[in-house]
Each structure stands twice: as structure tokens, then as C-alpha cells.
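These are the residues of each chain, in order.
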There are 2 protein chains.
Amino acid sequence: MADVRLIEVKEDILSDNKARAEEIRDLLRRNRVFLLNLMSSPGSGKTSLILRTIRAIGDAVRIGVIEGDIDSVVDAEKVSREGVPAVQLRTGGFCHLDASMIGMALDEMDLALLDLVVIENVGNLVCPAEFDTGAVRNAMILSVPEGDDKPLKYPLMFSTCDALVVNKMDYLAGSDFDMTAFHERVRALNPRIDIFEVSCKTGAGLDAWYKWLTGEVRAWKSN
Amino acid sequence: MADVRLIEVKEDILSDNKARAEEIRDLLRRNRVFLLNLMSSPGSGKTSLILRTIRAIGDAVRIGVIEGDIDSVVDAEKVSREGVPAVQLRTGGFCHLDASMIGMALDEMDLALLDLVVIENVGNLVCPAEFDTGAVRNAMILSVPEGDDKPLKYPLMFSTCDALVVNKMDYLAGSDFDMTAFHERVRALNPRIDIFEVSCKTGAGLDAWYKWLTGEVRAWKSN
């Protein structure tokens, strides 16, 4: 048998990315800007949550948005109509954002004018969870129609996040989503995660989310 | 409306990759080594075709293999049992190989002892087609059970390849695969592609593939 050489591509890429992410957190700390990485499947409500959040706390917290979700500028334009600076990372179908892409986007923003930058990550529960973007906190959305089994299928995503927004709670009554089982599955992976049950359509439950996010931003800025 | 800045992540990444791919082709030219990039869906028969090829032409053509297909060393070990040097790129679930990964793998090989290096790319008909690996020629496998509609769904892959191996022809009789329609769909995307109808199980049709590959290797080495 001839020799088999083994190259761990992913380890190299992830360790380079980690170093770049730490540089980004240093930059954010110096500028007192909080960076939130928001992840979910396509259609779970990332853009809706961002728009709701801008309208609710945008007077108290100066917000900017990095859009990586889709292959157009539609979401960035929606955000920008709220009067908020937006950078669109046109990923052209790539499955995740990494720290160097976020670094490029932050270079385009005037950090002195911002308290909070929200990354709307690529719609995907797999790859984005593997790449540290340099964010201070990671949040995910799981919408009720996606099903209560998702923590079993995407454990890394649920383990990586500091906050979980369960969106489309208005669908709960007509669904077979078992909220108790879902919470148990999430807590088994990540006992410390903060869970918010909301509807971006009706606005129900969002106050707790705004309070959590505002608190996190203030804590970071006062450090 | 606030300003929207647009960053074309993919263009930057692909243009960096293209430059690295050209460096690899220069390296191959200097060393008179031919590099074949073999792509397909999982289970189409990449490893089987490589093993068949080694057994058929391995005495005349000194072959090495770069394995990127799966998250283990199983395929590399199979190849290596044929007495052929193999490098395993453990991608850990990444969806494609790029030129810099292939450069890392070639650095581990003694090019002076090789005529042909075959890349077994990640099993996926989308992302691998977008990244120039530095290969001299691109080939793909489509197996009969995958269906005759695949050129419509994955046009870039069919457009990018110089050779198409239609594998598992032994399944054709019992299937609704329309070979005439398939050829028409492929030719509409890529009139110059060489098509080989084979069965890696029975060996049928493989002589034409061996002849094509050997001819390509010789032409490159005599340049």
C-alpha cells in the first residue's frame, strides 16, 4: 500500500478565520460597536426581525446592517429605506459568511456613528454555524413551520447561538410543533441559550427580544 | 433612503482562485504532469472509475490521486491499495475544492514521478463547477439512475467539462432515461464535450475513456 497523506483543509481554514474574527472583535471593542450575527433558514424571518428591531429601538440604538442573505440587494434596500446604513455582501450563492467578508463590510461603515451592526447571514442552518464572523453574540431564528426536530438535525447551530428567536408563533395553534419537546432539545444542546417566542407578523413577544438586545449592546459599550 | 454599499464577495474570491489556478498550470507544465479534475454527485462512480483507470493504464501512465470527496480517508486508502500515491484533502463537509487546496495537495506529491494526477472532487454538481482547480481538463460523471434532466438543472457543470462519462449504463434498459434527449441537452450546453457511455461494473465502454485520457496526457506532456 502506498502512502496516504492527509491534509485537514477545514482546520486550516477555520483557524485562519478564527484569528481574523478576533481582530474584528478588537476593532469593535475599540469603537464600542456591538456586532450581532443573525442566522436562520431561508424564509424564517431574518429581514422581518431586523426591520421590526430598527423600528422599535432604532432611536435609542444607532443600527447598521450587513446583508449576506441573498444574491441581490433587495434586503439591503428594504433596510436602507428605514434610514439605516446597509452593506450588501453579494455572495453569489456561497453558503456562509466568514470573518474576512465581515471585515470588508465593516471597512465600508462609519463605526463612529454606530452602536450595533446586525449581520443577516446566508439562509442556511449548516455552514454559517461553523464560521466565527467576529460577532459579539450569535442569534438564530427558527420559525414554527420548520418543525420542532431541528435541534436534532442542526445541533451545531443551536449550540453556537446565545439567543434563539422562535418566530411565526401565530402558526403554533394550527401546527403539530411540540414547544415543550423543542425547548428540551434546545436546552440539552445549550442550557444557557435565551429563547424568545415571537411573531414578527403580529409583534407578539418582541419586547423581550428588544430588551435582551439593548441590554447586550449597553453591556458591551460600557466595558 | 440611506446608502447601500455593494461588495461582490464571489467575484473577489473567484478572481483570486483563478490566479492561483494559473500558477498551478504553470507548475504542471514545468513538471510535465497532467491534472484531471473529476466531478459528479455522490455515488455516481468517481472512485470506481479511478480504480478502473489505474488498473487499465497504470503501467503506461504514472498516476497519483487527490481525494477530496468525503470526510474520511476511505477512498484514499482504496486508491493507495492500488500502489498509487494518494493525498486526502479532508474538507470536513466543504462543498468544493479550490486551487489553493489543490496546490497544498500537489506540494505533498513528487511530481517528477508522475504523469497524471486525478482529483476526485467533492460529490456535488454545483459548487465544484465554479472553482478552477488548476486542472488541465475537467471531466464529470453522470450515472443513469440520476436521470436525463440533469443538464437542465446543472448547466454550469455540463458547460465546464471537457469530458462526460455516462456511468451505470447497465441500468439503462430498466430505466426511463432518454439517451437521445440527454445527448441533445448536453450538446446544447457544450457542443465540443466528449461523451463516454460506460459501466464501471461490467467494464463496458471504458476503452474509449482510457484512450481519450491517455491521449490527453500524452498531448500535454509533449507540449
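As a starting point, this report considers the structure included with it.

Reading the values: rules and limits
- Residues numbered from 1 in each chain as written.
- Chains lettered and ligands numbered in written order.
- Predicted model: local features only at pLDDT ≥ 70, side-chain atom pairs only at ≥ 80, totals over all residues.
- Heavy atoms only, no water.
- Helix = DSSP H or I, 4+ residues; strand = E, 2+ residues; numbered from the N terminus.
- Rg over C-alpha atoms; globule rule 2.2 N^0.38 Å.
- Buried < 20%, exposed > 50% of the residue type's maximum accessible area, 1.4 Å probe, protein only.
- Pairing = 2+ DSSP bridges.
- Axes fitted to C-alpha atoms, helices over the stretch in contact; angles between N-to-C directions.
- Contact = heavy atoms within 4.5 Å.
- Buried area = accessible area lost by both parts, 1.4 Å probe.
- Salt bridge = Lys/Arg side-chain N within 4 Å of Asp/Glu carboxyl O.
- Polar contact = N/O pair within 3.5 Å; in protein donor to acceptor, adjacent residues only side chain to side chain.
- Nonpolar A, V, L, I, M, F, W, Y, C, P; charged D, E, K, R; others polar.
- Expected span 1.5 Å × (residues − 1).
- Least-squares fit on C-alpha atoms with pLDDT ≥ 70 in both.
- Parallel < 35°, antiparallel > 145°, perpendicular 65-115°, else oblique.

### A word on the overall build of chain A
Piece 1. Along its length, chain A carries eight helices and eight strands.
Piece 2. Compactness check: chain A gives a C-alpha radius of gyration of 18 Å against a globular reference of 17 Å for 223 residues, within 12% of the reference.
Piece 3. In terms of overall dimensions, chain A has C-alpha extents of about 60 × 45 × 35 Å along its principal axes.
Piece 4. Looking at the 223 residues of chain A, the share that counts as buried comes to 54%.

### Some points on the sheet that holds strand β2 (residues 34–39) of chain B
Piece 1. Read from one edge to the other, the open sheet built from eight strands follows the order β1(A)-β4(B)-β3(B)-β5(B)-β2(B)-β6(B)-β7(B)-β8(B), with strand pairing classed as parallel. Each edge of the open sheet is held by one strand with a lone partner, namely β1 (4–8) of chain A together with β8 (194–197) of chain B. For this sheet the average axis-to-axis angle between neighbouring strands, irrespective of direction, equals 20°.
Piece 2. Against the sheet, helix α2 (residues 46–57) of chain B engages β2, β3 (63–67), β5 (116–120), β6 (137–143) and β7 (163–167) of chain B, with an angle of about 170° to β3 of chain B.
Piece 3. Sheet strands touched by helix α4 (residues 99–107) of chain B: β1 of chain A together with β2, β3, β4 (86–90) and β5 of chain B. Its angle to β4 of chain B, the strand with the most contacts, is close to 145°.

### Remarks on the interface of chain B and chain A
Piece 1. Contacts between the two partners involve 35 residues from chain B, matched on the other side by 35 residues from chain A.
Piece 2. For the pair chain B and chain A, the two sides together bury roughly 3,000 Å², of which 66% comes from carbon and sulfur.
Piece 3. Along the contact surface separating chain B from chain A lie three salt bridges.
Piece 4. Among the salt bridges present, the one from E8 of chain A reaches R90 of chain B, with a minimum N-O distance of 2.3 Å.
Piece 5. Linking chain B with chain A are nine residue pairs in polar contact (both at pLDDT 80 or more), by the criterion used here.
Piece 6. A total of five residues in the side of chain B that touches chain A trace back to one element, the largest contributor, which is β4 of chain B.
Piece 7. Of the residues belonging to the side of chain B that touches chain A, the class tally is 20 nonpolar, six polar and nine charged.

### Focus on helix α2 (residues 46–57) of chain A
Piece 1. Given a rise of 1.5 Å per residue, twelve residues ought to cover 16 Å, and the 16 Å separating the end C-alpha atoms of α2 of chain A matches this to within 8%.
Piece 2. Every buried residue of α2 of chain A is listed here: K46, T47, L49, I50, L51, T53, I54 and I57 of chain A.

### What about unusual backbone geometry?
Piece 1. Unusually for a residue other than glycine, K168 of chain A sits at a positive phi of about 65°.
Piece 2. Among the secondary structure elements, K168 of chain A is positioned in the loop between β7 (163–167) and α7 (179–189).
Piece 3. Take K168 of chain A: its relative accessible area is 23%, and that puts it in the partly exposed class.
Piece 4. Despite not being glycine, R32 of chain B shows a phi value in the positive range, around 55°.

### Section: the relation of the copies chain B and chain A
Piece 1. For the pair chain B and chain A, the superposition axis carries a translation of 0.1 Å, the fit reaches an RMSD of 0.0 Å, and the rotation angle comes to 180°. On the angle and the small slide along the axis, the relation comes out as a two-fold axis. Taking C-alpha positions as the reference, the residue of chain B nearest the rotation axis is C95 of chain B, at 4.4 Å.

### A look at the pattern of salt bridges
Residue and element names in this part refer to chain B.
Piece 1. This structure, assessed with the given rule, holds 29 salt bridges over all chains.
Piece 2. Note that K221 is salt-bridged to D115, the shortest N-O span being 2.6 Å. Of the two residues, K221 sits in helix α8 (residues 206–221) while D115 sits in the loop between α4 and β5, which places them 106 residues apart along the sequence.
Piece 3. Residue classification places K221 among the partly exposed positions, given a relative accessible area of 24%.
Piece 4. By relative accessible area, which is 8% here, D115 ends up buried.

### Topic: the sheet that holds strand β2 (residues 34–39) of chain A
Piece 1. Spatially, eight strands are ordered β8(A)-β7(A)-β6(A)-β2(A)-β5(A)-β3(A)-β4(A)-β1(B) in an open sheet, and the strand pairing comes out parallel. The strands lining the two open edges of the sheet, one partner per strand, are β8 (194–197) of chain A together with β1 (4–7) of chain B. Strand-to-strand, the axes of this sheet are offset by a mean angle of 20°, without reference to chain direction.
Piece 2. Taken strand by strand, helix α8 (residues 206–221) of chain A contacts β2, β5 (116–120), β6 (137–143), β7 and β8 of chain A, and its axis lies near 140° from that of β2 of chain A.

### Observations regarding the side chain of S199 of chain B
Residues and elements named next belong to chain B.
Piece 1. One can find S199 in the loop between β8 and α8.
Piece 2. Among the polar contacts made by the side chain of S199, one reaches the main-chain amide nitrogen of T202 at a distance of 3.0 Å.
Piece 3. If we ignore the near neighbours within four places in the chain, the residues touching S199 are N167, K168, M169, D170, A204 and L206.

### Observations concerning the environment of D207 of chain B
Piece 1. Its location among the elements puts D207 of chain B in helix α8.
Piece 2. The sequence separation of D207 of chain B and T53 of chain B amounts to 154 residues, and the corresponding C-alpha distance is 9.6 Å.

### With respect to the packing of helix α1 (residues 9–31) of chain B against α4 of chain B
The geometry of a pair of packed helices is captured by two quantities: the angle between their axes and the separation between those axes.
Residues and elements named next belong to chain B.
Piece 1. Packing of α1 against α4 leaves a shortest axis separation of 8 Å and a crossing angle of 30°. Put simply, α1 runs roughly parallel to α4. Facing N17, R20, A21, I24, L27 and L28 of α1, the residues of α4 in contact are A99, S100, I102, G103 and L106.
Piece 2. Its residues assigned to classes, the contact of α1 with α4 comprises seven nonpolar, three polar and one charged.

### Points about the environment of M157 of chain A
All names here are of chain A.
Piece 1. Tracing the backbone through its elements, the reader meets M157 in helix α6 (residues 155–160).
Piece 2. Taking the relative accessible area as the measure of exposure, M157 reaches 0% and is therefore buried.
Piece 3. On a C-alpha basis, the gap between M157 and M109 in space is 28 Å, while along the polypeptide they are 48 residues apart.
Piece 4. If we skip the residues at most four places from it in the chain, M157 touches M39, N124, L125, P128, A129 and M140.

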